[in-house]
Structure formats: structure tokens, C-alpha cells
Amino acid sequence: MNEDHKLLAYLPFIVLAAAALVAVYHISVFW
Amino acid sequence: MAALALGFVTAYLQHGFVPGAHRPYPLAGVRVPVWHVIWMGAWTGYTMALVGQAAGIFALPYTTSVLQFSNPHVTPSTLLLTFLNPIGALLGFRRTGQWNLHFAGWLCAGGVLGGLIGPFLRAGLLADVDVFRLLLGLALAFVSVQLADKALRGFAAGDKAPGSGVGAPRIVTLVRERARITIGYRGGQWTLHQGVLFALGATVGVISSSLGLGGAFLIVPFLVVVYKVPMYVVPAATIPYAVALSATGLLTYCLLLPLLGRAPLAPEWAWGFFAAAGGIFGSWVAAKTQLHVPEPLLNAMLGTVTAALAVLYVTNFFFPLPFRF
């Protein structure tokens, strides 16, 4: 598995972590 | 890009301005930046496509809980997302031969009937936000079980995936006799009853169009468990189904409800288009990168999140929780 593929394997977890951070930001600003 | 442009155009046409962080969406009653609606479509479309689910099942709870858009207008707005998202996949599957209208036709006809009935349920019984969230919680619980099951089995498409073999396999109709149809794909064959498909399509259609989902979360396990249709054949039915059901549901919310004396439930058109712009991009990225993703781990993780959400929604119906979500 080359470096690009390793990054792609991590991508869903990075995306989920980013989604959680954005959700927390939204709750703190807009609720 | 077209969906994004349509988002801005419909915002001006529907409200005369583009709602966002500073001006609330008039029907939704919430302030959400445009980039956040696009991001919501993108991340839900991406992650759910990776585990073979449609974006709606994650986008809907995120919209109602995090973005606080939980009045009845959320359902037609999400239906716009479930209508637009699968269109790219529909065209792709048609090209690769994963397409059979004899197989999908009666299911879609049932979906059309369900899409005519479900919105009346939403405007009546499910207008109450707690009842709506209870039903959504039950749907999420069902999806979490599917994801957990897939995580435990470690389902992998691999060389069974459509289009990865030599030549171009197609889903063909082998026999059509009275109400029965036999389809074949890569040497396998399955006989299905059109009446059962129609009834399934109608029942799932009522539930899905009243919630704002595409219905695949119920159709897929039924076809796999009852008829043993393999996962790589199922999209030939569920993708046209989601498109037909969502289109009928949208028309019913906008036109049929007022024609029959009910108040129309218009979608936030811009919201739906912005989310779909993200969703189409997200599912495109997922399709390009799917082979490199550790699917069982992702199934387990998303299954856990879905189960936790389901527990929250269902618990809150019986014992109101001391926090807002």
C-alpha cells in the first residue's frame, strides 16, 4: 500500500472527525 | 456545480434572498451557513456511500438535531436530496448494465403509491416532532443492526463487484411468467413475485416519504434476506426506487396536499440543492476511493454512531432527556 492509499484509508475517519468538530462549532455559535 | 447554482437560483426565487448564517431559512426557521449545508451533504454522502447506504439516513438526524431543522418542512427538503443524489449513480449503473426495469418496475410503482400516501401521514400523525423522531429513531436502529451485521461478516465487494469482471455483465430478465420474474446476473438467478415487490415498494414508500428517506435501508435487507438477491444486484432496484419515490413524495408535498385541502409542505429548495451539491460530490469521492477503505472498521464505527442516535431518539420519546438535541 503506497502513501496515497494509506491516506485514502484514513480519509473516512478524518472526515468523521471534521464533521464532529464542525457540529460542535455550529452548536456553540448558533444554538 | 449545477445543483449549487440551482441552490442560489431557487433561494432567490423562493425567498428573494440567500438564507445563511445571518438570515434564517424562512421555512426551516434556522440560521445555517451555506457552506455548512454543502458540507453536511458532502460528509454524509461520502461516508454513507462507503458503507452502501444513502446519505439521507445520516443527513436527516444531523439536520434535525445539530442544525435544529426539525419542523415538517425538513422532510420534503431531504427528499430533494434523496432525489438528486442517486441520479449520478443511476446513469452510471445504466451504462454498466446494472439496470433492469422488469426487476425495478413494480417496486418503483409501489414506491409511487407510497409516495402519494406518506406525505399525508407526515402532515397528520407525524406532524408532532416527538413522534417523528421516534420513527426516525426506529429507522436508525434498523440501519445500525445492518451495519453491525456487515461489520461482523466483513462484507467486501472485491471481485464480485459489478463491472470488475471480464466483459460487461448485465442483469437480464430470464423469464416473465404471470406475476413472477426471474432475473439473472453472472450465472446466478433469482425468481421474484411482482406483487410482493409492489407491496414492498408501497409499504416502504409510505414510511420513507413520511420521514424523508429514499427507502433503500428497508428494501435492501428485504431483497437480500427473503429473495437472497446479492448486494451487487440490489442497487438496480433500489436506486431507481429512491428516485421514483422521492420525486412522487416531493410532488405530493407541493401539489397534492393543497389540491386535497391540506396546507402544502414546501421544501426549502435551496437547502435541498446545496445539500445535494455536497452529496453528489461526496458519493463521487466515495466511488473513486472505496477500494482503499477498511470497510468492516467503518461499518462498526458508523453502526455504533447510528445505534447511539437511535437510543437517544427512542429514549427521548418515552423519557424526555434533560438536554436539547
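Above: the structure in question.
**Details of the overall build of chain A**
Secondary structure assignment for chain A yields one helix and zero strands. Viewed in the frame of its principal axes, chain A has a C-alpha envelope of about 45 × 10 × 5 Å. By residue count, 13% of the 31 residues in chain A fall in the buried class.

**Looking at the overall build of chain B**
Along the backbone of chain B there are eleven helices and three strands. Here the C-alpha radius of gyration of chain B, 19 Å, is about what a compact globule of 325 residues would show, namely 20 Å. With the C-alpha coordinates aligned to their principal axes, the bounding extent of chain B is approximately 55 × 45 × 45 Å. Among the 325 residues that make up chain B, the fraction classed as buried is 50%.

**Focus on the interface of chain A and chain B**
Between chain A and chain B, the contact holds 13 residues from the first and 14 residues from the second. Of the residues belonging to the side of chain A that touches chain B, the class tally is eleven nonpolar, two polar and no charged.

**Side note on helix H1 (residues 2-15) of chain B**
All names here are of chain B. Taking 1.5 Å of rise per residue, the 14 residues of H1 would be expected to cover 20 Å, and the 20 Å separating its terminal C-alpha atoms lies within 8% of that figure. When we look at burial in H1, the residues that qualify are Ala3, Leu6, Gly7, Thr10 and Ala11. Here the buried residues of H1 occupy an arc of 140° about the axis, which is enough to place them on one side. Summarising the geometry of H1, the exposed residues directed more than 90 degrees from the buried face are Ala2, Ala5, Tyr12 and Leu13.

**A look at the pairing of strand S1 (residues 172-177) of chain B**
All names here are of chain B. The element S1 is largely exposed, with a buried count of zero among its six residues. Pairing geometry for S1 and strand S2 (residues 180-185), over five bridges, is antiparallel. Residue pairing for S2: valine 175 is matched across the bridge by threonine 182. Here S1 hands over to S2 after two residues, with arginine 178 in that stretch at a positive phi of 50°.

**Considering unusual backbone geometry**
Residue and element names in this part refer to chain B. For glutamine 68, which is not a glycine, the phi torsion comes out positive at approximately 60°. The topology assignment puts glutamine 68 in the loop between helix H3 (56-66) and helix H4 (74-96). Note on glutamine 68: 20 C-beta atoms within 10 Å, which makes it buried. Residue arginine 186 is not a glycine yet carries a positive backbone phi of 50°. The topology assignment puts arginine 186 in the loop between S2 and strand S3 (188-193).

**Focus on the nonpolar core**
Residue and element names in this part refer to chain B. Ranked by size, the top nonpolar core spans 98 residues in total, and within it Ile57, Leu80, Ile219, Ala237, Tyr241, Phe273 and Ala276 carry the most contacts. Among the elements that make up this core, the one with the highest residue count is helix H9 (residues 235-259) (eleven residues). Dropping the residues within four chain positions of it, alanine 276 is found in contact with Ala3, Gly41, Leu80, Leu81, Leu84 and Asn85.

**Topic: H3(B)**
Counting buried residues along H3(B), ten of its eleven residues qualify, which places the element largely inside the surrounding structure. Regarding H3(B), the residues found buried are B:Gly56, B:Ile57, B:Phe58, B:Ala59, B:Leu60, B:Pro61, B:Tyr62, B:Thr63, B:Thr64 and B:Val66.

What counts, and where the lines are drawn
- Residues numbered from 1 in each chain as written.
- Chains lettered and ligands numbered in written order.
- Predicted model: local features only at pLDDT ≥ 70, side-chain atom pairs only at ≥ 80, totals over all residues.
- Helix = DSSP H or I, 4+ residues; strand = E, 2+ residues; numbered from the N terminus.
- Buried ≥ 20, exposed ≤ 12 C-beta atoms within 10 Å, placed from the backbone.
- Rg over C-alpha atoms; globule rule 2.2 N^0.38 Å.
- Contact = placed C-beta atoms within 7 Å.
- Nonpolar A, V, L, I, M, F, W, Y, C, P; charged D, E, K, R; others polar.
- Expected span 1.5 Å × (residues − 1).
- Arc of directions from axis to C-beta.
- Pairing = 2+ DSSP bridges.
- Core = buried A, V, L, I, M, F, W, Y, C linked by C-beta atoms within 7 Å.

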